Amino acid sequence: MTSPLIEHTIAFVKKQLENAEGGHDWFHIERVWKNALLIAQGENCNLEIVQLGALLHDIADSKFHDGDETIGPRTARTFLESHNVSGETILHVIGIIENISFKGGNFERKFSSKELDIVQDADRLDALGAIGIARCFNYGGFKNRALYNPEIVPNLNMSKEEYKKSDSPTLNHFYEKLLLLKDKMNTETGKQIALQRHQYMEDFLAQFYAEWNGQR
């Protein structure tokens, strides 16, 4: 049974994201929330902070707000303050939101906690496996990117800014992010689930290239 605060947060997030891009909508948040609850079962953590972090982590993704990385934390803070959440909890949730993203894989977290580890793993799991593949191509279509171009090779050494501005073919994103996530998981549960989903993506890529090259 969820607390009144969590119920209010769910309602708020649903309203905020009702017109969001399909890979970053309420259903993405719901999956991350469920993943976080699953991972948290094996961890010593503050479950309320885990849930708030998961539910609010993409409340205003900078990708859809001209790269503004402050709007998400601001929106979350205003919501939490309006529900009289303690300052300590607000700071922790904001720390999760500000430090959860992949950002090209070269981003050093400026905040650490078990709760961030859990929510980060939960978010990364949603970028893996069948749903990860679906989200990847959905976003590529949203940005009108090519599916694949053999002449444009993946860039594995992008800076945070280069990563944010990249418009490379969708398939490159597998190499620039998705296939790297397996080795960046924080929790044992996250690592175990990521292994299976990673293999699913490897199998997909093998099939993709076979079809692209006219093979059986």
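Residues numbered from 1 in each chain as written. Predicted model: local features only at pLDDT ≥ 70, side-chain atom pairs only at ≥ 80, totals over all residues. Heavy atoms only, no water.

Visitor: Could you clarify how one ought to interpret the pattern of salt bridges in this entry?
Guide: Charged atoms that come close allow side chains of opposite charge to pair. Evaluation of the coordinates by the stated rule reveals 7 salt bridges. A salt bridge links Asp126 to Arg135, with the shortest nitrogen-to-oxygen separation between them at 3.6 Å. Each member of the pair, Asp126 as well as Arg135, is classed as buried. With a shortest N-O distance of 3.0 Å, Asp183 and Lys182 are connected by a salt bridge. Exposure remark for Lys182: the relative accessible area of 21% places this residue in the partly exposed category. Taken together, the shared-partner salt bridges connect Arg31, Asp126 and Arg135 into one network. (Salt bridge = Lys/Arg side-chain N within 4 Å of Asp/Glu carboxyl O. Buried < 20%, exposed > 50% of the residue type's maximum accessible area, 1.4 Å probe, protein only.)

Visitor: Is there a simple way to explain helix α4 (residues 71–82) in this structure?
Guide: Since one α-helical turn is 3.6 residues long, residues separated by three or four positions face the same way. For α4, with 12 residues, the first-to-last C-alpha span of 17 Å sits near the 16 Å given by 1.5 Å per residue. Along α4, the positions that sit buried rather than exposed are Ile71, Gly72, Pro73, Thr75, Ala76, Phe79 and Leu80. Buried positions along α4 lie against α1 (4–16), α3 (47–56) and α5 (87–99). Just past α4, the residue Asn84 takes up positive phi, approximately 55 degrees. (Helix = DSSP H or I, 4+ residues; strand = E, 2+ residues; numbered from the N terminus. Expected span 1.5 Å × (residues − 1). Contact = heavy atoms within 4.5 Å.)

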